[in-house]
Amino acid sequence: MRQFTVPPMVATPQAGGLADAVYANAEECPGHVVLGRSDGEGGWTDVTAAEFRDQVLAVAKGLLAQGVRFGDRVAIMSRTRYEWTLFDFALWSVGAQPVPVYPTSSSEQVRWMLHDARAVAAVVEHEDHAMTVGAAVDGLPHLRRLWQLDAGCVAELAAAGRHLGDEVVDRHRLAVTPDSVATVIYTSGTTGRPRGCLITHANFMAETDNVVARFEAVFAAKPGEQPSTLLFLPLAHVFGRMVEVGCVRARVKMGHQPSMSAADLIPDLAAFRPTFVLAVPYVFEKVFQAARRKAEIGGRLGPFEKAVEVAVRHAEALEARAFGVGPGPSAGLRMQHQLYDKLVYSKVRGALGGRVRYGISGGSAMERRLGLFFAGAGVTIYEGYGLTETTAAAVANPPEQTRFGTVGVPVPGTSVLIADDGEIWLRGGQVFSGYLNDEKATAQALREGWLATGDLGSLDEDGYLTITGRRKEILVTSGGKSVSPTALEDRVRAHPLVAQCVAVGNDRPYVAALITLDREAVDHWLLVRGRSRPALSELVRDPELEAEVRRAVAAANTLVSQAESIRTFRVLAGQFSEEAGTLTPSMKLKRRAIETAYAGEIETLYRHQPHV
């Protein structure tokens, strides 16, 4: 058993709630730009602290006029957009509790969450969402109101509350205390029905204030530059909500982007030009692979690969120096790095808008080499770890000593303990108060102030945490060998052609894998070989492509013993996706659903001799 604790840098306020920051910002610096609002045509309009306060106040009055009361729960079902942040702070202004709902949720999922939360109203983005809620309404006896963003509900609410005085909202806001529930966020449900996590105002304050203080270099401005970020994470996920709250409290300019696809995201990054980004590893992988494909099409793959090598070596040398085990980059390496900065690295930074110097990554593990490359290219990515139950990050790499390949040390105010069975336990001000309507699950998760995460990991002598797997995802072969599939899957997925990999093998003689392809990468692979694009069902049987995937599997197998290695695999013509029910909205594998959907393919893997 090993434990590591970092004391808090900022004390959690003893009074007030999250909405207070909006009113304090407007009072103290009314002209300060706190948000950027997209005009839908590639441009951005600045929103000052005073303007945002006025908009929040107008919607808050409308909510009261339309019957929302202190302690009521109101669902928000939308993509990431300006109005979500507006509604969050308006609801917090009247002491209500937003309940985020992923915009891709089915009627059955919506019915369960809104019924469990006893939601009295719902805010949806458009007509399709309204129909999804409508299809579930028979099972929602408490639901009284439905507002639609694209139908002008913001103006409608502002008009409805115009007769109320500001003091009515102020009375509600001042009644909010730090231990009041701020939101109910439902877990993504990789292993069962989602549970509602009760996150308090104090949880958000403890989390965001300490993260902002610890990562001052990220959230602070250079001379003549305002710190800013473009939020494209889903606001239905705790990571996105933490960013939203942190930016408002730290007065960091924030824009919203509803799509994480490269085609939508890159133009807005170029127009908004953030100074830092917060994303899941998938986004950084896409940026890297896009740069690699562009170099290959231009006949510059060799120089690009050399630039990658130099970036990785440069970052490794700086990492070694930070930990006192090396002198830093040599003169020759610095010269090479400077050359490639103009030729390659500046273009990578350009894809992120040109001003990005830092990134924060969470949600899943990032490969060490990818983190080193970005650091060498001038964008240091601080990998972290947390759960919905910890209001996002509980652990993160510190700016002055980033240890790539780990998720870092406890954020200030947090303790990490590795139990005797390897399970990660967490304690701190950001740990939630329990699950809604589920005392049994709460008692199982919270043990004398510690949160038992269900994740497995190890702490090194410096307190850096490495995630090794998840207890519920451990495979046990028929020979009794326990295998944590995460590291294997991540290494296979690092191959440019691979979209997802899921290892199987419970009660089977060996580990096998199902692999899906990245269609964009496959199209590029065919193009540079001068080949036509066949149907994916034909391509998955292509010997040359199968050989590429086999190399990825073989590389992954070097991480483990033979008994733990992937012995055979199947390349699938389909994709794991949220729509198919095989991925969560945060891109995590839903293993049970995958094993059910591909039961026939899995059975085939064990009818023949292994071939890797």
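A brief structural summary. Note that the structure is a prediction, hence the values are computed from the model and not measured.

Parameters at a glance
Residues numbered from 1 in each chain as written. Predicted model: local features only at pLDDT ≥ 70, side-chain atom pairs only at ≥ 80, totals over all residues. Heavy atoms only, no water. Buried < 20%, exposed > 50% of the residue type's maximum accessible area, 1.4 Å probe, protein only. Helix = DSSP H or I, 4+ residues; strand = E, 2+ residues; numbered from the N terminus. Arc of directions from axis to C-beta. Contact = heavy atoms within 4.5 Å. Polar contact = N/O pair within 3.5 Å; in protein donor to acceptor, adjacent residues only side chain to side chain. Phe/Tyr/Trp six-rings, centres within 6.5 Å; stacked < 30°, edge-to-face > 60°. Pairing = 2+ DSSP bridges. Axes fitted to C-alpha atoms, helices over the stretch in contact; angles between N-to-C directions. Core = buried A, V, L, I, M, F, W, Y, C linked by side-chain atoms within 4.5 Å.

1. Structural notes on helix α17 (residues 486-493)
And then number 1: Regarding α17, the residues found buried are L488, E489, V492 and R493. Burial along α17 is one-sided: seen end-on, the buried residues are contained in an arc of 125°.

2. Comments concerning helix α18 (residues 519-528)
Each α-helix winds once per 3.6 residues, and so residues spaced three or four apart point in a common direction.
And then number 1: Every buried residue belonging to α18 is among A521, V522, H524, W525 and L526, and all of these are buried.
And then number 2: On its buried face, α18 is in contact with α12 (281-297), β25 (511-517), α19 (536-539) and α20 (543-557).
And then number 3: For α18, the capping residue at the N-terminal end is D518, with a side-chain oxygen 3.1 Å from the backbone nitrogen of E520.

3. Digging into the packing of aromatic side chains
And then number 1: Going through the model one piece at a time under the given rule, you end up with 16 aromatic pairs.
And then number 2: Taking 6.2 Å as the distance between ring centres and 75° as the angle between the ring planes, the aromatic pair formed by F52 and F89 counts as edge-to-face. Pair noted here: F52 is in helix α2 (residues 49-65) and F89 is in helix α3 (residues 82-93), with a separation of 37 residues, a long-range link. Taken individually, F52 and F89 each receive the classification buried, so the pair is uniform in this respect.
And then number 3: For the pair F576 and Y598, a centre-to-centre distance of 5.7 Å together with 75° between the ring planes defines the contact as edge-to-face. One end of the pair, F576, is in the loop between β26 (566-571) and α21 (591-597); the other, Y598, is in the loop between α21 and α22 (599-605), and 22 residues separate them in sequence.
And then number 4: Relative accessible area serves as the criterion here: at 5%, F576 is assigned to the buried category.

4. Considerations on the sheet that holds strand β24 (residues 498-504)
And then number 1: The strand order across the open sheet formed by 3 strands is β24-β25-β26, and the pairing between neighbours is mixed. Either end of the sheet is taken by a strand with one partner, and the two such strands are β24 and β26. Adjacent strand axes in the sheet meet at a mean angle of 25°, parallel and antiparallel pairs treated alike.
And then number 2: Sheet topology note: the β24/β25 ladder contains 6 bridges and is antiparallel. Paired with C501 across the two strands is I515, which belongs to β25.
And then number 3: Across the sheet, α17 lies against β24, β25 and β26, angled at about 155° from β24, the strand it touches most.
And then number 4: Together, β25 and β26 form the strand contacts of α20, whose direction differs from that of β26 by roughly 145°.

5. Re the nonpolar core
And then number 1: F52, L63, F87, W147, Y345, F373 and F374 are the most contacted members of the largest nonpolar core, which has 115 residues in total.
And then number 2: Not counting chain neighbours up to four residues away, the residues in contact with W147 comprise L63, Q66, V68, V74, A121, A122, V123, V124, C153, E156 and L157.
And then number 3: Listed in part, the 27 residues of the second largest apolar core include L475, V492, V549 and V553.

6. A closer look at the environment of R550
And then number 1: Mapped onto the elements of the fold, R550 is located in helix α20.
And then number 2: Under the relative-accessibility criterion, R550 is labelled partly exposed at 27%.
And then number 3: Distance in space between the C-alpha atoms of R550 and G530 is 22 Å, their sequence separation being 20 residues.

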